[in-house]
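# Overview (structure and organization)
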Amino acid sequence: SSQNKSLAPMKKSNTVLLTTIFPLCLKYFDEFLNSLLTQTDKNFDLLVVNDGVENFEDQIEKYPEINIIEVVSENSIVENRKEGIKEVLKLNYEYLVFGDSDDYFENNRIAISKEFLKEYDIVVNDLTLFDDNGIYSKSYYSKRIDDLLEIDLDFIQNKNILGLSNTAVRTEAIGDLNFCDNLVALDWYFFSKLLFENKTAVYTDQTQTFYRQHQDNTVGLGDNSIESIKRAIKVKKIHYQCMTK
C-alpha cells in the first residue's frame, strides 16, 4: 500500500532529496538529518518514503528547518523506491538528489549536485566508507577515477559506481519507471537504462557521501568473502536478465 501522508505538504523548492526509512535504519536517522542541516545550500525539500516506521512525526520534530514530505509505502525495496520517484515527478521537482537514510553527506553535497545538473542529466559523487568503528576508506572512487570523468554506457556495462546515495538526476531525464519485479540492484538498472537512452553523466570527487557498511548492504564494498562474491554474481545475473528486455 502507498499513500502520500505529507507532514509539510507544501513543496518549497525545485530540488528534493529522496530517501527511504525503515525501522532497521532508525538509529542512524539523526546523523543523516544532521548532515542535511549543515548543507551550504539549504534550498531543498526532503521526501521520505516511510516503510514501517511508526510515529514518524516524533522522529522529525527536532528538525523544523527541513521541509519534510512523508510518503507511506510498505512494499519491496524496488517498489518503495519507485513510489518515491513517482511522487517526486508528480510534484514537478527539477532536481532529484538520492540519499540513503543510514548514510550522511559532506556539507556541499546539495550545492555540488545542483551545479553539475545545470550541464549534465546525472551526477555521481565520491564515497567515503565507514562502519561502526569509524571511517576506513576515504575517497574510495577517486583513487581510481578522475574528477569530471564523463560516464557512458560502456562504463556501466559490467560495473557500477552510481548508487542511490551518491547520485542526483534532472527529473526530465527519468522517463518511464518500468522495473523488473525481481530486480536487486535497482540503482545499476536505473542508471544503465538512462545511459542506454543517451543521457549524460559525470563523476566528481568535489563532494562525498559517507557510505555506511553493514551486513544489510545489498552489495558491500571492500567485502571479498565467498558469500559476498556469490551474492554479487546473483545480483549481476538478475541485472543482465532485466537489461536484455
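Relevant structure appears above.
Residues numbered from 1 in each chain as written. Predicted model: local features only at pLDDT ≥ 70, side-chain atom pairs only at ≥ 80, totals over all residues. Heavy atoms only, no water.

## Focus on the pairing of strand 4 (residues 67-73)
Of all seven residues making up strand 4, seven are buried, and the element is well covered by its neighbours. Here strand 4 shows two buried faces, one formed by Asn67, Ile69, Val71 and Ser73 and the other by Ile68, Glu70 and Val72. (Buried < 20%, exposed > 50% of the residue type's maximum accessible area, 1.4 Å probe, protein only. Helix = DSSP H or I, 4+ residues; strand = E, 2+ residues; numbered from the N terminus.)

## Considering the environment of Thr38
By the secondary structure assignment, Thr38 is in the loop between helix 1 (29-37) and strand 3 (45-50). Given a relative accessible area of 47%, Thr38 falls into the partly exposed group. Taking C-alpha positions, Thr38 is 5.7 Å from Asn107, a pair spaced 69 residues apart along the chain. At 3.2 Å, the side chain of Thr38 forms a polar contact with the backbone oxygen of Ser35. (Polar contact = N/O pair within 3.5 Å; in protein donor to acceptor, adjacent residues only side chain to side chain.)

## Quick look at unusual backbone geometry
Its identity is not glycine, yet Asn92 carries a phi of approximately 60°, on the positive side. Considering the arrangement of structural elements, one finds Asn92 in the loop between helix 3 (77-90) and strand 5 (95-98). When its relative accessible area of 60% is taken as the criterion, Asn92 is described as exposed. The backbone of Leu148 sits at a positive phi, close to 75°, despite the residue not being glycine. The exposure class of Leu148 is partly exposed, given its relative accessible area of 47%.

## A look at the nonpolar core
One finds Phe98, Ile151, Ile161, Phe190 and Phe191 to be the most contacted residues of the largest nonpolar core, which totals 45 residues. Tallying contributions element by element places helix 6 (residues 186-196) first for this core, with seven residues. What Phe191 contacts, discounting residues up to four positions off in sequence, is Phe98, Ile122, Ile156, Leu162, Gly163, Leu164, Thr167 and Val169. (Core = buried A, V, L, I, M, F, W, Y, C linked by side-chain atoms within 4.5 Å. Contact = heavy atoms within 4.5 Å.)

## A few points about the side chain of Gln208
Looking at the secondary structure, you find Gln208 in strand 11 (residues 201-212). A distance of 3.3 Å separates the side chain of Gln208 from the side chain of Asp126, its partner in a polar contact. Non-local contacts of Gln208, meaning those with residues more than four positions away in its chain, are made with Phe105, Glu106, Arg109, Asn125, Asp126, Leu127, Thr128 and Ser139.

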